[in-house]
Amino acid sequence: MVQISYSGFMNEQRIRQELLERFTRYTAIDTQSSLERADAGIQPSSDGQRTLAELLLSELKALGIPDVSVDEHSYLLARIPPTSGSETVPPFGLCAHLDTALDAPGNNVRAQLHEKYDGTILDIGNGLILDPDENPELAECIGHTIITSDGTTLLGADNKAGIAGIMTLISILGETGTAHGPIEVVFSPDEETGHGMDRIPIEKLKSRAFYTVDGGAEGELETECFNAWKCEVVCTGVAAHPGTARGKMVNAVAMAASFVQSLPVRESPETTSGYEGFFYPLEMNASCEKATISVYVRDFDLAVMERRLDRLDCIARAVEAQFPGGTVSVTRTRQYLNMKEKLDQVPEVLEILKTAATRAGISVRMKPIRGGTDGSRLTEMGIPTPNIFTGGHNFHSRTEWASLDQMTAMVRTLVELTASWREYHV
Ligand SMILES: [Zn+2]
């Protein structure tokens, strides 16, 4: 098959301007989600997400997209019609999330440009710097336009770089002369709270596969994530007056401390990376009579995950043996599954993406996600969904930054993806 590079027809300068203009505008809207409200079932969990969804709705209409709507929970669904002659190509989808992270302030975001980055320390303001020694990804961005906040807030490249990329793609598809099939676009709320896919109108989606546009450095594609369980450990002791407690009291505070102490130190978030899994005790409430501990358990391998869960049960029995009269229960809740297994069953979904990135002139790197994404949930629901880079870095922090050049590479990849998907299916 002769493969033409459609993105070669892109007017890069114009794309950069449009990306930057959209990105700056979208990041200025405070769309930080609220964990408390999202946990209480309120969706969207913040008004700003609805404001952004409505804005995107009007911009898509202005771009001539006839079939676009925002539902009561702020899920935007748009259908990009196929080019003539490609009507029978099965649709695929692109998605990104409207909300920003809760880990740093998200209002009054003022994007700052640092043109022609020279490889030295970048002063981003408010006493914060980007040091290339601590941010090795900066070395790949010499000569680029770097975008940061003013140091008082996060930037929101997670995930507005993805939204700006998808919107720019839709805006320029015609100009590049790219033949493509039907495309579905979803912008969803509350990803950062873990509730992003709770109310996705799955019955309305016709796509065989989706791609989340929510990744990091140029070329990084993600098809693997953790298997994730949350375990609730309850230690039940026996309360007694401390003056006459001998032989009677069983202190749940001490039981909980013993439980946490028994978790392997070398298998914690702070001592692992890459493909290593961990136990993460993240919350504890304790009194003499009762203590509860929340433990996140993560592993890429499902069989190892089973052993990790069994290990918590073993620790529970050991603590009971250590504290006669006390009991320890462990309740397991599955949060999400590694999407790799399901993606391996439809290898073309990744192959088409790799072809697209290569045609866009990008060297591909496969990277495991040490977390989950909306894509892992969608994959579990039956729509295979790998993740594409956006050019954003240091997510969830006030030193978050993006490279405009890498964002442009994302748009090139998306243009080639629309073409490659069609070519595979005709
Ligand atoms: Zn994200």
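A quick note: this is a predicted structure, and the numbers were derived from the prediction, not measured.

Colleague: So what exactly am I meant to see when it comes to the packing of helix α8 (residues 347–359) against helix α10 (residues 404–425) here?
Modeller: Each pair of packed helices can be summarised by the angle the axes make with each other and by the distance between the axes. At a minimum axis distance of 8 Å, the contact between α8 and α10 shows a crossing angle of 130 degrees. By the angle class used here, α8 and α10 are oblique. Classified by chirality, the crossing of α10 by α8 is right-handed. For the pair α8 and α10, contact is made by Glu348, Ile352, Leu353, Thr355, Ala356, Ala357 and Arg359 and by Thr413, Glu416, Leu417, Ala419, Ser420, Trp421, Glu423, Tyr424 and His425, respectively.

Colleague: What is the right way to look at the packing of aromatic side chains in this model?
Modeller: One pair of aromatic rings is described through two measures. These are the centre distance and the angle between the planes. According to the stated counting rule, one finds 7 aromatic pairs in the structure shown. Considering the side-chain rings of Phe226 and Phe278, the 5.4 Å spacing of their centres and the 85 degrees angle between planes classify their relative orientation as edge-to-face. Residue Phe226 is located in the loop between β10 (220–225) and β11 (227–236), and its partner Phe278 is located in strand β12 (residues 278–286); the two are separated by 52 residues in the primary sequence. Exposure remark for Phe226: the relative accessible area of 0% places this residue in the buried category. With a centroid separation of 6.0 Å and an interplanar angle of 80 degrees, the aromatic rings of Tyr280 and Tyr296 are classed as edge-to-face. One end of the pair, Tyr280, is in strand β12; the other, Tyr296, is in strand β13 (residues 290–299), and 16 residues separate them in sequence. Among the aromatic residues, those joined into a cluster by ring pairs are Phe226, Tyr275, Phe278 and Phe300. Positioned over the ring face of Tyr296 is Arg298, at 4.4 Å from the centre of the ring. Over the aromatic face of Phe279 sits the side chain of Arg308, whose NZ or CZ is 5.1 Å from the ring centroid.

What counts as what
Residues numbered from 1 in each chain as written. Predicted model: local features only at pLDDT ≥ 70, side-chain atom pairs only at ≥ 80, totals over all residues. Heavy atoms only, no water. Axes fitted to C-alpha atoms, helices over the stretch in contact; angles between N-to-C directions. Helix = DSSP H or I, 4+ residues; strand = E, 2+ residues; numbered from the N terminus. Parallel < 35°, antiparallel > 145°, perpendicular 65-115°, else oblique. Left-handed = near helix turned anticlockwise from the far one by under 90°. Contact = heavy atoms within 4.5 Å. Phe/Tyr/Trp six-rings, centres within 6.5 Å; stacked < 30°, edge-to-face > 60°. Buried < 20%, exposed > 50% of the residue type's maximum accessible area, 1.4 Å probe, protein only. Lys NZ or Arg CZ within 6 Å of the ring centre and 35° of its normal.

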